[in-house]
Amino acid sequence: MSRCIQLGKNGLGSTYPNPLVGSVIVHNGEIIGEGWHYKAGQPHAEVNAIRSVENQELLKEATIYVSLEPCSHFGKTPPCVDLIIESGIKKVIVGSLDPNPKVAGRGIKKLMETGCELIVGVLENDCDELNKRFFTFHQKKRPYIFLKWAETADGFISPKSETRKETKPVWITNEFSRQLVHKMRGEEQSILVGTNTVLQDNPSLTVRNWTGENPVRIVVDRNLKIPKDLSVFDASSKTIVINEKETKTSENVDFEKILFSEEIPKQICEVLFQRNIQSVIIEGGAKTLQSFIDANLWDEALVFSGNKTFGEGIKAPTFQGVLKSEEKIKEDTLRTYKNTNH
């Protein structure tokens, strides 16, 4: 099952809205086939694993491991349970159950009805972690939310605005940390910033120093005051503008109207859920980040610390979370915190 999880991770960033799934086929203690789900619309992990087996006759005596319950419904591809049954595999070992109402136990039920031996819940917590975005989306009806910021050694995320001489980012971290951020962007479905971040930094919010799909850009612009010639409105990716004036759709930029007098983060999550967006990186600024923290609408905080100091400026957000991991990126440090207060 560990190998299934390892394989499933290969699809991160390319399978949306589908989950990450890995599958391994074992015969007499040896792996004879394996696969993962590469991309939405393409064959699922179980299909790729079964097809990879050279001697198909061995399947009748083999065990298939899969990190997530095999699907039992027709989508862009046929049900995986049907192929498992047709292949003659008699033993199926599953990591976690699928929370999608279209599956939700039906795959397990169908396999049992045809006489398959089933074991469910192997490394379940690890399999759930693999699909934390997919599970959060279906169970909590919102995207999985990453908070991300860089802070100086003295706790600031930005210098005082009056000391800034031009419209571009003031870098706190090194080029390797910035490259890692681009990798993260390629793995998530969307990225969100507030008005001030766009006006001060003119970010493009794309994947430039890594490979992968550009995330959907979410810009919170209450009064629609961001000039249309800034980078967030270019054609490199879709942009959704959260505002209080209008709702309209165009080829590259959509406008979504919400009530700014009410719970803004909650309404943004509802907009993203309606658009089938399973994950979002909240990149700033401090006010936007703090609003999601105060609403308790976040799952992980990715905090980069550099060795620069500003002395004064905009303080980093304040939050409470459990340290999940810590890694050095040359002179920088990345700490990942988990929200356990849901």
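Fair warning: this is a prediction, and the values are worked out from it, not measured in the lab.

Draft legend 1. Inspection of the sheet that holds strand E4 (residues 91-96) at higher detail. One open sheet accounts for five strands, arranged E2-E1-E3-E4-E5; its pairing is mixed. Both edges of this open sheet fall to strand E2 (30-36) and strand E5 (117-120), since each of them pairs with a single strand only. Each strand of the sheet is rotated relative to its neighbour by a mean of 15°, with strand direction disregarded. Bridge count between E4 and E5: four bridges; the pairing is parallel. Bridging from a neighbouring strand, Lys-91 pairs with Glu-117 of E5.

Draft legend 2. Quick look at the domain arrangement of the protein. Considered domain by domain, the protein is made up of domain 1 (1-134) and domain 2 (141-338). Its C-alpha centre places domain 1 at a distance of 35 Å from the equivalent point of domain 2. On the side of domain 2, 12 residues touch domain 1, which itself brings eight residues to the contact. For the domain 1 and domain 2 pair, buried surface summed over both sides reaches about 930 Å², with 47% attributable to carbon and sulfur atoms.

Draft legend 3. The packing of helix H2 (residues 45-52) against helix H3 (residues 80-87), seen in detail. Where H2 meets H3, the closest approach of the two axes is 9 Å, and the angle between their N-to-C directions is 25°. Compared by their axis directions, H2 and H3 come out roughly parallel. In this structure, H2 crosses over H3, and the sense of that crossing is left-handed. Contact with H2, carried on its side by Glu-46, Val-47 and Ile-50, involves Cys-80, Leu-83, Ile-84 and Ser-87 of H3 and no other residues of that element. The residue inventory of the contact of H2 with H3, partitioned by class, reads five nonpolar, one polar and one charged.

Draft legend 4. Region of the structure containing the UniProt feature "binding site: substrate" (unreviewed entry) in the protein. Residues given the UniProt feature "binding site: substrate" (unreviewed entry) here are Arg-185, Leu-205, Arg-208 and Glu-283. The annotated residues named above include Arg-185, Leu-205, Arg-208 and Glu-283 as those lining the largest pocket. Among the secondary structure elements, Leu-205 is positioned in the loop between helix H8 (195-201) and strand E9 (216-220). Using a relative accessible area of 1% as the deciding quantity, one classes Leu-205 as buried. When near neighbours in sequence (up to four residues on either side) are disregarded, Leu-205 contacts Arg-185, Ile-191, Val-193, Pro-215, Arg-217, Val-232 and Glu-283. Here Glu-283 lies in strand E13 (residues 279-284).

Draft legend 5. Here's a closer look at empty space enclosed by the protein. Summed over all chains, the structure comprises one cavity of 30 Å³ or more. Tyr-16, Asn-18, Leu-20, Asn-131 and Arg-133 are the residues nearest the centre of the largest cavity, which is lined by 13 residues in total. Considered class by class, the residues forming the lining of the largest cavity number six nonpolar, six polar and one charged.

Draft legend 6. Representation of the layout of surface pockets. Of the pockets and cavities examined, the largest pocket occupies roughly 1,300 Å³. In terms of lining residues, the largest pocket is bounded by 48 residues, among which Thr-197, Asp-201, Glu-283, Gly-284 and Gly-285 are the most central. Sorting the residues of the lining of the largest pocket by element identifies strand E6 (144-151), strand E7 (156-158), helix H7 (175-187), strand E8 (190-194), H8, helix H9 (264-274), E13 and helix H10 (286-294) as the ones contributing at least two each. Considering every element that reaches the lining of the largest pocket, the biggest residue donor is H10, with six residues. Looking at the lining of the largest pocket, its residues break down into 22 nonpolar, 15 polar and 11 charged. For the second largest pocket, the calculated volume is near 630 Å³. Looking at the second largest pocket, it is lined by 23 residues, and the ones nearest its centre are Leu-12, Lys-132, Arg-133, Glu-187 and Lys-324. Mapped onto the lining of the second largest pocket, the elements with two or more residues apiece are helix H5 (124-130), helix H6 (132-140), H7, strand E14 (300-305), strand E16 (322-329) and strand E17 (332-338).

Parameters at a glance
Residues numbered from 1 in each chain as written. Predicted model: local features only at pLDDT ≥ 70, side-chain atom pairs only at ≥ 80, totals over all residues. Heavy atoms only, no water. Pairing = 2+ DSSP bridges. Helix = DSSP H or I, 4+ residues; strand = E, 2+ residues; numbered from the N terminus. Axes fitted to C-alpha atoms, helices over the stretch in contact; angles between N-to-C directions. Domains from an automatic or database assignment. Contact = heavy atoms within 4.5 Å. Buried area = accessible area lost by both parts, 1.4 Å probe. Parallel < 35°, antiparallel > 145°, perpendicular 65-115°, else oblique. Left-handed = near helix turned anticlockwise from the far one by under 90°. Nonpolar A, V, L, I, M, F, W, Y, C, P; charged D, E, K, R; others polar. UniProt positions renumbered as here; feature names shortened; annotations may be inferred. 1 Å grid on protein atoms, 1.4 Å probe; cavity = no way out; pocket = protein on both sides within 12 Å on 5 of 7 lines; lining within 4 Å. Buried < 20%, exposed > 50% of the residue type's maximum accessible area, 1.4 Å probe, protein only. Points joined across faces, edges and corners; volume = space filled by probe spheres on them.

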